[in-house]
Amino acid sequence: MERTQDCRGGSVGAQRVHFASHLQTMAKMEVKTSLLDNMIGVGDMVLLEPLNEETFINNLKKRFDHNEIYTYIGSVVISVNPYRSLPIYSPEKVEDYRNRNFYELSPHIFALSDEAYRSLRDQDKDQCILITGESGAGKTEASKLVMSYVAAVCGKGAEVNQVKEQLLQSNPVLEAFGNAKTVRNDNSSRFGKYMDIEFDFKGDPLGGVISNYLLEKSRVVKQPRGERNFHVFYQLLSGASEELLHKLKLEQDFSRYNYLSLDSAKVNGVDDAANFRTVRNAMQIVGFMDHEAESVLEVVAAVLKLGNIEFKPESRVNGLDESKIKDKNELKEICELTGIDQSVLERAFSFRTVEAKQEKVSTTLNVAQAYYARDALAKNLYSRLFSWLVNRINESIKAQTKVRKKVMGVLDIYGFEIFEDNSFEQFIINYCNEKLQQIFIELTLKEEQEEYIREDIEWTHIDYFNNAIICDLIENNTNGILAMLDEECLRPGTVTDDTFLEKLNQVCATHQHFESRMSRCSRFLNDTSLPHSCFRIQHYAGKVLYQVEGFVDKNNDLLYRDLSQAMWKAGHALIKSLFPEGNPAKINLKRPPTAGSQFKASVATLMKNLQTKNPNYIRCIKPNDKKAAHVFTESLVCHQIRYLGLLENVRVRRAGYAFRQAYEPCLERYKMLCKQTWPHWKGPARSGVEVLFNELEIPMEEYSFGRSKIFIRNPRTLFALEDLRKQRLEDLATLIQKIYRGWKCRTHFLLMKKSQIVIAAWCRRYAQQKRYQQIKASALAIQSYIRGWKARKILRELKHQKRCKAAATTIAAYWHGTQVRREYRKYFRANAGKKIYEFTLQRIVQKYFLEMKNKMPSLSPIDKNWPSRPYLFLDSTHKELKRIFHLWRCKKYRDQFTDQQKLIYEEKLEASELFKDKKALYPSSVGQPFQGAYLEINKNPKYKKLKDAIEEKIIIAEVVNKINRANGKSTSRIFLLTNNNLLLADQKSGQIKSEVPLVDVTKVSMSSQNDGFFAVHLKEGSEAASKGDFLFSSDHLIEMATKLYRTTLSQTKQKLNIEISDEFLVQFRQDKVCVKFIQGNQKNGSVPTCKRKNNRLLEVAVP
């Protein structure tokens, strides 16, 4: 029986080892998840079979319906806007995609972000992420997700976290001033943004640089129906306090301002007041000073009020028409906000001065021209403010170090636009998208070709549409549309949009991508879909009809010189800096560059920048025009797929091999399909893949072996492998279940048998224990009864003896009392009561003084303790005795003072007058004696050189921390105070670094909190003030300030000004820096810390 059980146990052990091996293999397979596992539709469009527009859209819709909004085209990410929040951006998701292969998990924007960040950090390759799509497709949110992922996975630390926070908080500021509600998107970016995020060699962010492209400034003065002006106008009116609105001369009523559309002033789900508070907080985090933020809001208010200026016609004597302002109250308030002379601005709205060489000609403006001038000023003022904001943010977030940096660029720019009415803005935007499509195709082909060469696979030429001919049509310096538009704007004589169109018809008539009904090409003469005042361009994304009206004016973007000069004369520093061309000393008669040429140059710079970086693409798609969740409009998606060129992108990727994978993961995924490779292959991975494919008899023309990857030509081959793998996994699962169930039953039987033996043993043990406890309890009960009976007997005897003894004592006491009373009666007299009273009173007083002797308080004058009064009739005596004792001990205490101690108490008294109830640190300094010479320079040989250099008496010798002006860090210095000078010396060498005469010290500043920071202000123009004021931190602040005050008073006969404030200015060379004290939890305990927030702010965090 025992032998049989051993044999069966050995069999179970073998099965357990085999089962454990299978579990280990399956666990390893589970970790190495793939894009192909649990796939909804096709995760990578390169594998889509068959490939056409219908299957492409159906695959996107199937994934969208299952909340799979991301799909790949090779390394390109397609993002479909879900118009709702999805639980796929949590910190857990960030960790899932961190340091994982791009195709290892299901498609996600985090996978592309991680791939770009790791390439930048590990391979030292500069990266750029290009996010494109039409308005409402989710480009802005995609850029935020990329930045938040990079911020989450890069390094940690106080300085790094501050840089990350500033980079992230720049978004709310730019969105407030550059985004607006449109019919397609409640938060549409009306400008293009490119941000370069700079990293150090470890991959930690150092800073960033933001570039903006083509702000839609025409929105400031006019918005289409159903759309709003820029967010900041509504946020300011909704979220600003009554006090701030009164200061800006504004009211909360939107209808009071002509520049704000009323039909969509309120947006569902948008809290403008809360967003205003968010923007103000973000500006503070980025580094805007309070006065800078106020100046920005004043400019915004001035732009709003410009729209309320209205004009009326007025005829002059010479017959010319001129304009006058109807209501000058608005003009007056604008001038008060901006600091401009009212007459100067009023004239600038009524007259225009034209300068040619040495001549000046002044002409009047009619009402239409005055309104044009007003709107031009509003647009220029706002667009220049936006550019200033971008530059100011760049100043705060730029990298402080000059070491070599790695760069990751994020481009969030408008997508291809085809509206019912397309004008100059759509023409410029579509030109930019043509350039992006050109660089996209070139870089995609380049990347594909480089991989083929790297893997030693034969490269075959790929035919594709090259849109360089369209780009040349627009940007050619000789015959390009932009060049001809600039030429027309600069041509003397009458220039109109019609003359520009006529010129286009002459030059571009034969171009195959240009269409115009008035051109010399006869094929469009009868095309009724092409109006006479329009031209059509066949872009890569489709044909777009442009209305030529407004092209010339929008390209000129003209602002009259009179208005520029009026703005330059403003008392408002920010507005004055926005119009440098208004300076009469710098008059430039050269015509400013046109809007088209400026944008063309910006796009060229952007393309050059992108060419130097490794590109990563995110193509954003809008599923419907209703901004609704769960709605997928196939026609709208089809239109976007066409103009984004996604099908052509797939064809480029599939022109050679549709799928490629490294040998190790390929073998790990499919090794169970071959007996030779399952469960473990002990040779090179490539050899294992070769054995596997030969065993499966896959045709040789369906795959090729690269240096490190296997290339599969047809998606059907891959799907066939997946089907075989799925069937094999089901067979393996059945086998594992069979072995597991047998092991489980055998284990259960052995466990039941072992349990029966254990239970029987415990039952017998329990019965014996219970019997023993019953016997023991009975014996104890009998013993206790016997001991109780004996104890009660002894107790009764003892009680009887005690009662007998007490009775005898009571009888004796009564008998002695009777005898004494008999003897005393003969001595009793009438005055016995008085004597008893006097005797009692004497005994009470005697007892009082004896008790007072033992209860006397200490001889300290500040000890207020005094024994309590025992009897009411001694009240006056008790008080007088207390007063006499206090006077006596005060005299005894004063007699102990030496002359030096008297001097110390005078300093303590001075400190009390200066700091009591003003400085939180003062109470803790009261009990500390003022020593002065803490370093003992005369005794320490280390400071012999320093002692010899000082001839005067040293009043204070203490080590302080001198705060560095550049970064807020501290350096140890020896602080020396003599009768005439204040000296700073190096702690290690003893060398004197600075020497300041006391007459040059003007003020000492400190906070009211419990810290040791103080600033020594020096007289302006003095030799000691060349490097600015000093900022110190000391553990003996009260003593140092008191001695400095007394020494200065004795030498200069003038009281030293001591300022106690939680925010004060310190002069550092030519700049004034604000030192601000705030409350905060410190990581290093109760030690205050000082940080340089930006160029104008030092922040001291006090616990």
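So, a few notes on the structure that sits alongside this text. (Residues numbered from 1 in each chain as written. Predicted model: local features only at pLDDT ≥ 70, side-chain atom pairs only at ≥ 80, totals over all residues. Heavy atoms only, no water.)

Let us now look at the overall build of the protein chain. The helix and strand inventory of the protein chain stands at 32 helices and 31 strands. Relative to a compact globule of 1103 residues, whose C-alpha radius of gyration would be 32 Å, the protein chain shows 46 Å and is clearly more extended. Taking the principal axes of the C-alpha coordinates as reference, the protein chain spans close to 165 × 120 × 65 Å. Nonlocal contacts in the protein chain, meaning residues at least 24 apart in sequence, comprise 64% of its contacts between residues at least 6 apart. Summing over all exposed atoms, the protein chain offers an accessible surface of approximately 59100 Å²; the carbon and sulfur share of this is 52%. (Helix = DSSP H or I, 4+ residues; strand = E, 2+ residues; numbered from the N terminus. Rg over C-alpha atoms; globule rule 2.2 N^0.38 Å. Contact = heavy atoms within 4.5 Å. Areas by Shrake-Rupley, 256 points an atom, 1.4 Å probe, with all protein chains shown as cover.)

The next point concerns unusual backbone geometry. Cis geometry marks the peptide bond from Glu49 to Pro50, where omega comes out at -5°. Relative to the elements of secondary structure, Pro50 occurs in the loop between α1 (2–31) and α2 (53–65). Residue Pro679 is reached from Trp678 by a cis peptide bond, and omega for that bond is 0°. If you trace the backbone, Pro679 turns up in the loop between α24 (663–670) and α25 (685–696). Of note in this structure, His630 is not a glycine but carries a positive phi near 65°. We classify His630 as exposed; its relative accessible area is 58%. (Buried < 20%, exposed > 50% of the residue type's maximum accessible area, 1.4 Å probe, protein only.)

In this section: helix α32 (residues 1037–1052). For an α-helix the count is 3.6 residues per turn, leaving residues at separations of three or four pointing the same way. With 16 residues, α32 ought to run about 22 Å at 1.5 Å a step, and its terminal C-alpha atoms sit 22 Å apart, in line with that. All of the buried residues in α32 are Leu1037, Ile1038, Glu1039, Met1040, Ala1041, Thr1042, Lys1043, Leu1044, Tyr1045, Thr1047 and Thr1048. Of the residues one or two after α32, Lys1053 is the one with positive phi, at around 60°. (Expected span 1.5 Å × (residues − 1).)

Below, the discussion takes up the packing of aromatic side chains. For the structure shown, the criterion picks out 30 aromatic pairs. Measuring from centroid to centroid gives 5.6 Å for Phe1030 and Phe1032, while their planes differ by 15°, and the two rings are stacked. For the pair Phe1030 and Phe1032, one class covers both residues: buried. Cluster of aromatic residues (ring-pair linked, three or more members): Phe424, Phe427, Phe500, Phe514, Phe535, Tyr546 and Phe551. (Phe/Tyr/Trp six-rings, centres within 6.5 Å; stacked < 30°, edge-to-face > 60°.)

Okay, the pairing of strand β21 (residues 970–978) next. Bridging between strand β20 (residues 954–963) and β21 involves nine bridges; their strand directions are antiparallel. Paired with Ile954 across the bridge in β21 is Thr978. Pairing of β21 with strand β22 (residues 981–986), which is carried by five bridges, proceeds in the antiparallel orientation. Counterpart to Leu976 in the pairing with β22 is Leu983. The hairpin formed by β21 and β22 contains two residues between the paired strands. (Pairing = 2+ DSSP bridges.)

From the geometry alone we can't say anything about function, so treat these as descriptive.
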